[in-house]
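Survey of secondary and tertiary structure
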Amino acid sequence: MPDILRKPTPIAKIYEALSAVVDGRVELCVPESKAIVTSSARTKRYTVMISERLYTSNDNATYWQHYAGYPIIAVLIEQGRISLPPDSRSLLEHFKNINWKRLNTENKNHYDKAVSQFLSSTGHADGIEKLVQNIYEQANSLPFAVKGNHKPIIKVPEEVE
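Because the structure is a prediction, the values reported are computed rather than measured.

Let's shift gears to the overall build of the protein. Across its full length, the protein carries 7 helices and 6 strands. Secondary structure of the protein in N-to-C order comes out as α-β-β-β-β-α-α-α-α-α-α-β-β. Against the compact-globule benchmark of 15 Å for 161 residues, the protein has a radius of gyration of 15 Å, which places it among compact chains. Burial statistics for the protein: of 161 residues in total, 45% are counted as buried.

See the structure below:
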């Protein structure tokens with residue numbers, strides 16, 4: 001049980017975090033007091049500020065809902081504070097290039113429906129759900145506080161061909 005209280009991260013945000021990690025959209029900055037996480041639509045970059053017992057982010061979930069949004073969870077995975085099971089490589093491949101913004105919008109921001117749509121496309125729902133549950137439990141047992149930060153969200157310009 002963590003000694004710092006915070007709202008638990010919804011399980012749907014673990015899926016988004018895994019996609020960010022698998023896609024290489026998490027950039028840990030040197031020194032490791034900051035990270036930049038690019039959105040699944042690749043149109044925004046979120047700033048995660050890191051200290052030993054406080055993580056801040058300017059993503060909507062962290063800022064407005066006061067739980068660790070997917071950028072913070074992705075950073076925790078990249079830092080090794082949340083471990084991925086060694087046998088999870090084949091399951092993680094299913095998270096590659098998933099546009100969660102599009103899926104969530106298609107499902108009117110009913111995140112559980114977006115997750116169900118994703119799972120039905122994989123053919124490996126049971127294994128993926130077990131993997132995500134493991135990460136969910138690790139994330140929600142870590143002792144750290146979260147809050148939104150006021151860093152501006154970086155808009156990524158569209159590429160011109």
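Here the focus is the packing of aromatic side chains. Two aromatic rings, taken as a pair, are described by how far apart their centres are and by the angle between their planes. Summed over all chains, the structure comprises 8 aromatic pairs. An angle of 80° between the planes, with centres 6.0 Å apart, marks the rings of Tyr-15 and Phe-118 as edge-to-face. In this pair, Tyr-15 sits in helix H1 (residues 11-22) while Phe-118 sits in helix H6 (residues 111-120), placing the two residues 103 residues apart along the sequence. Residue classification places Tyr-15 among the buried residues on the basis of a relative accessible area of 4%. Exposure remark for Phe-118: the relative accessible area of 3% places this residue in the buried category. Aromatic ring contacts, followed pair by pair, group Tyr-15, Phe-95, Trp-100 and Phe-118 into a single cluster. Sitting over the face of the ring of Phe-144, Arg-6 holds its NZ or CZ atom 3.8 Å from the ring centroid. We note Lys-13 situated over the ring of Tyr-111; from NZ or CZ to the ring centre the distance is 4.3 Å.

Note on placement: Tyr-63 falls in helix H2 (residues 60-65). The spatial distance from the C-alpha of Tyr-63 to the C-alpha of Val-146 is 8.9 Å, given a sequence separation of 83 residues. Setting aside its immediate chain neighbours within four residues, Tyr-63 contacts Ser-57, Gly-148, Asn-149 and His-150. At 3.0 Å, the side chain of Tyr-63 forms a polar contact with the side chain of His-150.

With 12 residues, H1 extends 17 Å between its outermost C-alpha atoms, agreeing within 8% with the 16 Å of an ideal straight helix rising 1.5 Å per residue. Across the 12 residues that make up H1, a large majority, 10, are buried. Listed as buried for H1 are Ala-12, Lys-13, Ile-14, Tyr-15, Glu-16, Ala-17, Leu-18, Ser-19, Ala-20 and Val-21. Where H1 terminates, the next one or two residues include Gly-24, which has phi positive at roughly 70°.

Moving on: the layout of surface pockets. Quantified by volume, the largest pocket comes out at close to 440 Å³. Considering the residues around the largest pocket, the lining is formed by 21 residues, among which Lys-13, Glu-16, Tyr-46, Asn-60 and Lys-101 are closest to the centre. Mapped onto the lining of the largest pocket, the elements with two or more residues apiece are H1, strand S3 (44-50), H2 and helix H5 (100-106). Per element, the largest residue contribution to the lining of the largest pocket is 4 residues, and it comes from H5.

As a further point, take the confidence of the model for the protein. Averaged over all residues, the pLDDT of the protein equals 92, while 94% of them reach at least 70. When pLDDT is averaged over each helix and strand of the protein, the minimum, 85, is found for strand S6 (residues 154-155) and the maximum, 98, for H1.

Quick look at the nonpolar core now. Tyr-15, Leu-18, Ile-73, Phe-95 and Phe-118 are the most contacted members of the largest nonpolar core, which totals 41 residues. Contributions of two or more residues to this core are made by H1, strand S2 (34-38), S3, helix H3 (70-79), helix H4 (89-92), H5, H6 and helix H7 (125-141).

What counts, and at which threshold
Residues numbered from 1 in each chain as written. Predicted model: local features only at pLDDT ≥ 70, side-chain atom pairs only at ≥ 80, totals over all residues. Heavy atoms only, no water. Helix = DSSP H or I, 4+ residues; strand = E, 2+ residues; numbered from the N terminus. Rg over C-alpha atoms; globule rule 2.2 N^0.38 Å. Buried < 20%, exposed > 50% of the residue type's maximum accessible area, 1.4 Å probe, protein only. Phe/Tyr/Trp six-rings, centres within 6.5 Å; stacked < 30°, edge-to-face > 60°. Lys NZ or Arg CZ within 6 Å of the ring centre and 35° of its normal. Contact = heavy atoms within 4.5 Å. Polar contact = N/O pair within 3.5 Å; in protein donor to acceptor, adjacent residues only side chain to side chain. Expected span 1.5 Å × (residues − 1). 1 Å grid on protein atoms, 1.4 Å probe; cavity = no way out; pocket = protein on both sides within 12 Å on 5 of 7 lines; lining within 4 Å. Points joined across faces, edges and corners; volume = space filled by probe spheres on them. pLDDT = per-residue confidence, 0-100. Core = buried A, V, L, I, M, F, W, Y, C linked by side-chain atoms within 4.5 Å.

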